[in-house]
Amino acid sequence: GAGVSQSPSNKVTEKGKDVELRCDPISGHTALYWYRQSLGQGLEFLIYFQGNSAPDKSGLPSDRFSAERTGGSVSTLTIQRTQQEDSAVYLCASSVSGTGHGQPQHFGDGTRLSIL
Amino acid sequence: SQKIEQNSEALNIQEGKTATLTCNYTNYSPAYLQWYRQDPGRGPVFLLLIRENEKEKRKERLKVTFDTTLKQSLFHITASQPADSATYLCALAGSNTGKLIFGQGTTLQVKP
């Protein structure tokens, strides 16, 4: 079946512009996660949606970052007024459920964001 | 603050040998620990999960141990193959959240 799909796969933009990154999770997965991975580093948690609960936004680095998940499916991560330090690979993952069950997370291949 | 440490240097081993990767953590009491494999330009792929009340888990050539006293997990690949060459990430989570905290990963290179 289809895995987690992210678009675009690559995005190059100028400093100060806004960008939107899209994630299509695996159908039926109730939990959706966004992570950021800088070159040679591990994954940094950004935000997590679980069903209809309020999202856990504790990892968002600044108020320039926001995310929404419409209809419990597709999610969009928006970065406003981009800065060069925002350059990274943004990874989305989904899991069957997200609370206390240790479910494996299924990752997309990410969006590589470069800020000029 | 919570901290997870994996071998920062790449691990180079000969084909057929056992690779052992280490994950140490501080200031955290995870309910479970997961290991992922990541190839260049790709997203991580789930390998194994072990819970806080489990000492060891196996899957084919993979074995994971979890010592909550030492705050350490070891990940073993037996009879390693060049195709096992990749970066391996450990990740921790608490009991009330699916949010994962990742280590920086260890790159394994298996030479024929």
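This text goes with the structure placed above it.
First, a word on what this report is: a plain description of the structure on this page. Since this is a predicted model, take the numbers as computed values, not measurements. (Residues numbered from 1 in each chain as written. Chains lettered and ligands numbered in written order. Predicted model: local features only at pLDDT ≥ 70, side-chain atom pairs only at ≥ 80, totals over all residues. Heavy atoms only, no water.)

1. Let's talk about the overall build of chain A
So, step 1. Helix and strand counts for chain A come out as zero helices and ten strands.
So, step 2. If you list the helices and strands of chain A from N to C, you get β-β-β-β-β-β-β-β-β-β.
So, step 3. Whereas a compact globule of 116 residues would reach a radius of gyration of roughly 13 Å, chain A reaches 13 Å, a difference of no more than 12%.
So, step 4. Within chain A, the proportion of its 116 residues that are buried is 48%.
So, step 5. Partitioning the intrachain contacts of chain A with sequence separation of at least 6 by distance along the chain shows that 57% fall at a separation of at least 24. (Helix = DSSP H or I, 4+ residues; strand = E, 2+ residues; numbered from the N terminus. Rg over C-alpha atoms; globule rule 2.2 N^0.38 Å. Buried < 20%, exposed > 50% of the residue type's maximum accessible area, 1.4 Å probe, protein only. Contact = heavy atoms within 4.5 Å.)

2. Regarding the nonpolar core
Nonpolar side chains in soluble globular proteins tend to be buried together.
So, step 1. With 23 residues, the main nonpolar core has Trp 35, Phe 75, Ile 77, Tyr 88 and Leu 108 of chain B as its most contacted residues.
So, step 2. Of all elements in the fold, only strand 3 (19-26), strand 4 (32-38), strand 5 (45-51), strand 7 (62-67), strand 8 (72-77), strand 9 (86-93) and strand 11 (106-111) of chain B reach the threshold of two or more residues within this core.
So, step 3. Formed by 20 residues, the second largest nonpolar core is a distinct cluster that contains Phe 65, Ala 67, Tyr 90 and Leu 113 of chain A. (Core = buried A, V, L, I, M, F, W, Y, C linked by side-chain atoms within 4.5 Å.)

3. Some points on the environment of Leu 92 of chain B
Residues and elements named next belong to chain B.
So, step 1. In this structure, Leu 92 sits in strand 9.
So, step 2. For Leu 92, a relative accessible area of 0% gives the class buried.
So, step 3. Distance from Leu 92 to Ser 8, taken between C-alpha atoms, is 18 Å for residues 84 residues apart in sequence.
So, step 4. Residue contacts for Leu 92: discarding those within four places in its chain leaves Ile 4, Tyr 25, Tyr 28, Pro 30, Tyr 32, Leu 33, Lys 99, Leu 100 and Ile 101.

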